[in-house]
Amino acid sequence: QKEVEQNSGPLSVPEGAIASLNCTYSDRGSQSFFWYRQYSGKSPELIMSIYSNGDKEDGRFTAQLNKASQYVSLLIRDSQPSDSATYLCAVTPGAGSYQLTFGKGTKLSVIP
Amino acid sequence: GAVVSQHPSWVICKSGTSVKIECRSLDFQATTMFWYRQFPKQSLMLMATSNEGSKATYEQGVEKDKFLINHASLTLSTLTVTSAHPEDSSFYICSALASGRNHEQFFGPGTRLTVL
């Protein structure tokens, strides 16, 4: 069974700090990796996608992928209270399938 | 770009009635859309995969005769909850696959269904 694991949290960081969110996946053949942000009562919002090993930066967000270790992470620099949300790691298997397998999410709380 | 809309955003209905939810990709074509359901404080649960011009593929345990899906065009998929009951009350969310954007999946804002 293909699984995506995340720490449920809550992860609390002070405003201005770096928040580090981690995710591991079981299917070694996975090809696409995504981070979504979900505010309470709202739908998920795509914030980062990554497809190859290494780092990908977009503004205050950096996604890191290590396929050998089956590990994906998301760093949020200069964390703001508005970043407080649940962050969902999602993976697609590739081979023509684009169905997302989600982790259960990590709840992030940024303390002013 | 990559905007997905859903309508209605919320609906309250009586038990036994049917409710139709529309999901539209506004600025891209989506041959594949997905329907999810989310109960309070729980994870997203995939209900079905909707492919334009063909029958939807339902996940195990999801009744295809109760949750009717139609994907008649490259920008519109509909989910009809037939003979709704209070246990169908949930947050229904669609997503659309943007094949022109590395197959990223974009979510609609969701529809909150309450069945009395």
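Given the structure is predicted, the values throughout are model-derived calculations rather than measurements.

## Observations regarding unusual backbone geometry
Here's step 1: Look at the link from A:G9 to A:P10: it is a cis peptide, with omega at 10°.
Here's step 2: Within the secondary structure, A:P10 is located in the loop between β1 (4–5) and β2 (11–14).
Here's step 3: B:P8 follows B:H7 through a cis peptide bond whose omega is 0°.
Here's step 4: Inspection of the secondary structure puts B:P8 in the loop between β1 (4–7) and β2 (10–13).
Here's step 5: In this structure, A:Q70 takes a positive phi of about 55° despite not being glycine.
Here's step 6: Along the chain, the position of A:Q70 falls in the loop between β7 (61–66) and β8 (71–76).
Here's step 7: Under the relative-accessibility criterion, A:Q70 is labelled buried at 13%.
Here's step 8: Backbone geometry at B:S83 places phi at a positive 45°, although glycine is not the residue there.
Here's step 9: Within the secondary structure layout, B:S83 lies in the loop between β8 (76–81) and β9 (90–98).

## Things to note about the environment of B:L46
Here's step 1: Structurally, B:L46 is set in strand β5 (residues 45–51).
Here's step 2: For the pair B:L46 and B:D88, spaced 42 residues apart in sequence, the C-alpha to C-alpha distance is 15 Å.
Here's step 3: Dropping the residues within four chain positions of it, B:L46 is found in contact with A:Q99, B:F34, B:W35, B:Y36 and B:E59.

## Looking at the sheet that holds β1(A)
Residue and element names in this part refer to chain A.
Here's step 1: Within the open sheet, the five strands sit side by side as β1-β3-β8-β7-β6. Their pairing is antiparallel. Of all the strands in the sheet, the pair left with one neighbour each is β1 and β6 (54–58).
Here's step 2: Of the strand pairs in this sheet, β6 and β7 are connected by five bridges, and their pairing is antiparallel. The residue bridging K56 from the neighbouring strand is A63, located in β7.

## Quick notes on the pairing of β5(B)
Residues and elements named next belong to chain B.
Here's step 1: Within β5, five of the seven residues are buried, leaving the element largely enclosed by the surrounding structure.
Here's step 2: In this sheet, β5 lies alongside strand β4 (residues 32–38) in antiparallel orientation, the contact comprising six bridges. Within the sheet, the bridge partner assigned to T32 lies in β5 and is N51.
Here's step 3: Adjacent in sequence and paired antiparallel, β4 and β5 are bridged by six residues, among which K41 carries a positive phi angle near 60°.
Here's step 4: Across two bridges, the pairing between β5 and strand β6 (residues 57–58) is antiparallel. Looking across to β6, one finds that T49 is bridged to T57.
Here's step 5: Here β5 hands over to β6 after five residues, with G53 in that stretch at a positive phi of 80°.

## Quick notes on the sheet that holds strand β7 (residues 67–73) of chain B
Residues and elements named next belong to chain B.
Here's step 1: Strand order in this open sheet of four strands is β1-β3-β8-β7, and the pairing throughout is antiparallel. Only two strands of the sheet have a single neighbouring strand rather than two, namely β1 and β7. Geometrically, the sheet is characterised by an average inter-axis angle of 15° between neighbouring strands, direction not taken into account.

## Quick word on the nonpolar core
Soluble globular proteins tend to pack their nonpolar side chains together in the buried interior.
Here's step 1: Among the nonpolar cores identified, the biggest contains 42 residues, and A:Y36, A:L100, A:F102, B:F28, B:Y36, B:F107 and B:L113 are the most heavily contacted of them.
Here's step 2: Ranked by the residues each element gives to this core, the list is headed by β9(B), at seven residues.
Here's step 3: Not counting the four nearest positions on each side in its chain, B:L113 is found in contact with B:V11, B:C13, B:V19, B:V81, B:D88, B:S89, B:S90 and B:Y92.
Here's step 4: With 23 residues, the next largest nonpolar core counts A:A19, A:W35, A:I50 and A:L108 among its residues.

## Quick word on the interface of chain B and chain A
A common way to report how large an interface is uses the accessible area buried once the components associate.
Here's step 1: Contacts between chain B and chain A engage 22 residues on the former and 16 residues on the latter.
Here's step 2: Together, the buried faces of chain B and chain A total about 1400 Å²; carbon and sulfur atoms form 57% of this surface.
Here's step 3: Our count for the contact surface shared by chain B and chain A stands at zero salt bridges.
Here's step 4: At the boundary of chain B and chain A, one finds eight residue pairs in polar contact (both at pLDDT 80 or more).
Here's step 5: The element that contributes the greatest number of residues to the side of chain B that touches chain A is strand β10 (residues 104–107) of chain B, accounting for four residues.
Here's step 6: Class assignment of the residues belonging to the side of chain B that touches chain A gives a composition of 10 nonpolar, eight polar and four charged.

Rules used in this analysis
- Residues numbered from 1 in each chain as written.
- Chains lettered and ligands numbered in written order.
- Predicted model: local features only at pLDDT ≥ 70, side-chain atom pairs only at ≥ 80, totals over all residues.
- Heavy atoms only, no water.
- Helix = DSSP H or I, 4+ residues; strand = E, 2+ residues; numbered from the N terminus.
- Buried < 20%, exposed > 50% of the residue type's maximum accessible area, 1.4 Å probe, protein only.
- Contact = heavy atoms within 4.5 Å.
- Pairing = 2+ DSSP bridges.
- Axes fitted to C-alpha atoms, helices over the stretch in contact; angles between N-to-C directions.
- Core = buried A, V, L, I, M, F, W, Y, C linked by side-chain atoms within 4.5 Å.
- Buried area = accessible area lost by both parts, 1.4 Å probe.
- Salt bridge = Lys/Arg side-chain N within 4 Å of Asp/Glu carboxyl O.
- Polar contact = N/O pair within 3.5 Å; in protein donor to acceptor, adjacent residues only side chain to side chain.
- Nonpolar A, V, L, I, M, F, W, Y, C, P; charged D, E, K, R; others polar.

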